[in-house]
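A closer look at the structure
Chain residues, written in single-letter form:
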Amino acid sequence: MLPWLLVLSTVGLGAWGDVSWDKAQTKHMLERLQDLFTNVSQLTGKGRLVVSTMVYCKEWGAEAVGCSPRLVEGHRLTMPVGFLVAHLVPGLECHNRTVCSQRLRELQTQHVHNNSWCDVAYNFLVGDDGRVYEGVGWGVPGMHTQGYNNISLGLAFFGTKEGHSPSPASLSAMESLISYAVQKGYLSPLYVQPFLVKGENCLAPLQMASPKKACHVIVPQSAWEARETHCPTMTVLAKYVIIIHTAKRTCNTSDECCPLVQTMQSQFMDRFYTCDIGYNFLVGQDGTVYEGVGWNVQGSHTPGYDDIAVGLAFIGTFSEKPPNAAALEAAQTLIQCAVDKEYLITNYLLVGHSDVSNTLSPGKALYNIISTWPHFRQ
């Protein structure tokens, strides 16, 4: 299952400022979105999909700009996308088509002329009047969420009165739009319950901070005699930790683990033609963490996530028997270290490899354990 994000947008707000949400408003929003997604699931299951009233760019008076330079091969969205990122754009209150069209023209002007973008940032926008307004449309990457633009649809609620949730009419319109996107193959049906984030920080109930521990000693690539490599770096902080097992034999000492890691690097590079070993870090049964591609470098473990996730692999196969306590503790310490050192956002999501890819990794026994860890989300 893949997550659905709701972002309180700070994209090109300019003079419109920010918006504040208290705990009660956040809880209320979560409840309403929970209902919305339950309805979407029911509709997609029954085939009852009706698109809400669509106001196309020409109809709301969009400036003739467009993002055609991004429509070259390799720069279109690959459908269906696995992410749906929805924003709440504050400061554009409107409740009818005339005013909402005006507000949308103002937003487009802000994005094009102040931010130097090719168009409005979102694929579609839903006004508080209950209408869907075309943005850059289907198949075109937006400019709404760094790290997600090329793998998601960016939708935005706008026109909402400050401090209020979107209107029932706008929620219904969003429901219809999402249902249509799933039906037409623009959006994967595999998304889970919504959660609220603002920028990079979740608003809906925060996890209790873990006590800080000293960062685990990491065996560097040079110690296991890695080949020289050059891989792309991440452009944003990692948002996910993906737990993986290597599905190979395990190791209990550094003398056993180092050659295994070296062999895995060669297999990745020579068989799969990757730039390096696929994982950011590996953990042996000796309780030691071995550097893969390391921090802030894209691995090759999970397509669609390599540039926003830390791939943490346990060396071995853990379908029936989990890793030992030393390995599990080493992994948890490394994750906390990543937060403390700001390689990983505070409210990251932890998932099993099988949650985001068609694989048996990390094995049932290991999966049962990580499902009890902080920040786990199936």
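This brings us to helix α3 (residues 97-114). Taking 1.5 Å per residue as the helical rise, α3 with its 18 residues ought to reach 26 Å, and the 25 Å between its terminal C-alpha atoms agrees with that figure. When α3 is considered as a whole, its buried residues turn out to be Cys 100, Ser 101, Leu 104, Leu 107, Gln 108, Gln 110, His 111 and Val 112. In this structure, the buried residues of α3 make contact with α2 (57-60), β3 (83-89), β4 (124-127), β5 (132-134) and β6 (152-158). Among the residues of α3, the N-terminal cap falls to Asn 96, whose side-chain oxygen and the backbone nitrogen of Thr 98 are separated by 3.1 Å. Count one or two residues on from α3 and you reach Ser 116, which has phi positive near 60°.

A few words on the state of the cysteines. On inspection of all chains with the given rule, the structure shows 3 disulfides. Between the sulfur atoms of Cys 94 and its disulfide mate Cys 100 the distance is 2.1 Å. Taking the sign of the S-S torsion, 95° for the link of Cys 94 and Cys 100, the bridge is right-handed. When its relative accessible area of 1% is taken as the criterion, Cys 94 is described as buried. Each disulfide pairs two cysteine sulfurs, and for Cys 251 the partner residue is Cys 257, the sulfurs being separated by 2.0 Å. The sign of the 100° torsion about the S-S bond sets the Cys 251-Cys 257 disulfide as right-handed. Note on Cys 251: relative accessible area 0%, which makes it buried. The class for Cys 257 is buried, based on a relative accessible area of 0%. Distance from the sulfur of Cys 258, which forms no disulfide, to the nearest cysteine sulfur (Cys 257) is 7.1 Å. Judged by its relative accessible area of 16%, Cys 258 is buried.

With that out of the way, let us pick up helix α5 (residues 254-271). With 18 residues, α5 extends 25 Å from end C-alpha to end C-alpha; this agrees with the ideal 26 Å at 1.5 Å per step. All buried positions along α5 are accounted for by Cys 257, Cys 258, Leu 260, Val 261, Met 264, Gln 265, Phe 268 and Met 269. For α5, the angular spread of buried residues about the axis comes to 165°, placing them on one side. Along α5, exposed side chains directed more than 90 degrees from the buried face belong to Asp 255 and Arg 271.

Looking now at the environment of Trp 295. Within the secondary structure, Trp 295 is located in the loop between β12 (289-291) and β13 (309-314). Each C-alpha atom of the pair Trp 295 and Val 310 lies 7.9 Å from the other, and the pair is 15 residues apart in sequence. With near-sequence residues (within four places) excluded, Trp 295 lies in contact with Ile 218, Phe 281, Val 310, Leu 334, Ala 338 and Tyr 343.

Reading across the sheet, the 6 strands line up as β9-β12-β11-β13-β10-β14 and stay open at both edges, with mixed pairing between neighbours. Looking along the sheet, the strands with just one partner apiece sit at the ends: β9 (218-219) and β14 (344-352). Pairing analysis gives 5 bridges linking strand β10 (residues 238-245) to β14, with the strands arranged parallel. Bridging from a neighbouring strand, Ile 243 pairs with Gly 352 of β14. In the packing of helix α6 (residues 325-340) onto the sheet, the strands contacted are β9, β10, β11 (281-283), β12, β13 and β14, and the crossing angle to β14 comes to about 145°.

This part takes up unusual backbone geometry. With an omega dihedral of 0°, the bond running from Met 79 to Pro 80 counts as a cis peptide bond. Tracing the backbone shows Pro 80 in the loop between α2 and β3. A cis geometry characterises the amide bond from Ser 361 onward to Pro 362, with omega recorded as 15°.

Position of Asp 306 relative to the elements: it lies in the loop between β12 and β13. Put simply, Asp 306 is tucked away with no salt bridge, and the nearest opposite charge, on Lys 239, sits 14 Å away. For Asp 306, the side chain forms a polar contact with the main-chain nitrogen of His 301, separated by 3.1 Å. Among the polar contacts made by the side chain of Asp 306, one reaches the main-chain amide nitrogen of Thr 302 at a distance of 2.9 Å. What Asp 306 contacts, discounting residues up to four positions off in sequence, is Met 234, Gln 298, Gly 299, Ser 300 and His 301.

Turning our eyes to something else, we now look at the pattern of salt bridges. Under the counting rule described, the total for this entry stands at 3 salt bridges. We note a salt bridge from Glu 106 to Arg 103, for which the minimum N-O separation is 3.4 Å. Taken as a pair, Glu 106 and Arg 103 lie in helix α3 at a separation of 3 residues, close to a single helical turn.

Okay, the side chain of His 353 next. In this structure, His 353 sits in helix α7 (residues 353-356). Of the polar contacts made by the side chain of His 353, one reaches the side chain of Thr 302; its length is 3.4 Å. Contacts of His 353, omitting those with residues within four sequence positions, involve Ile 242, Ile 243, Ile 244, His 301, Thr 302, Thr 359, Ser 361 and Pro 362.

Cut-off values and rules
Residues numbered from 1 in each chain as written. Predicted model: local features only at pLDDT ≥ 70, side-chain atom pairs only at ≥ 80, totals over all residues. Heavy atoms only, no water. Helix = DSSP H or I, 4+ residues; strand = E, 2+ residues; numbered from the N terminus. Expected span 1.5 Å × (residues − 1). Buried < 20%, exposed > 50% of the residue type's maximum accessible area, 1.4 Å probe, protein only. Contact = heavy atoms within 4.5 Å. Polar contact = N/O pair within 3.5 Å; in protein donor to acceptor, adjacent residues only side chain to side chain. Disulfide = S-S within 2.5 Å. Arc of directions from axis to C-beta. Pairing = 2+ DSSP bridges. Axes fitted to C-alpha atoms, helices over the stretch in contact; angles between N-to-C directions. Lys, Arg positive; Asp, Glu negative; His and termini not counted. Salt bridge = Lys/Arg side-chain N within 4 Å of Asp/Glu carboxyl O.

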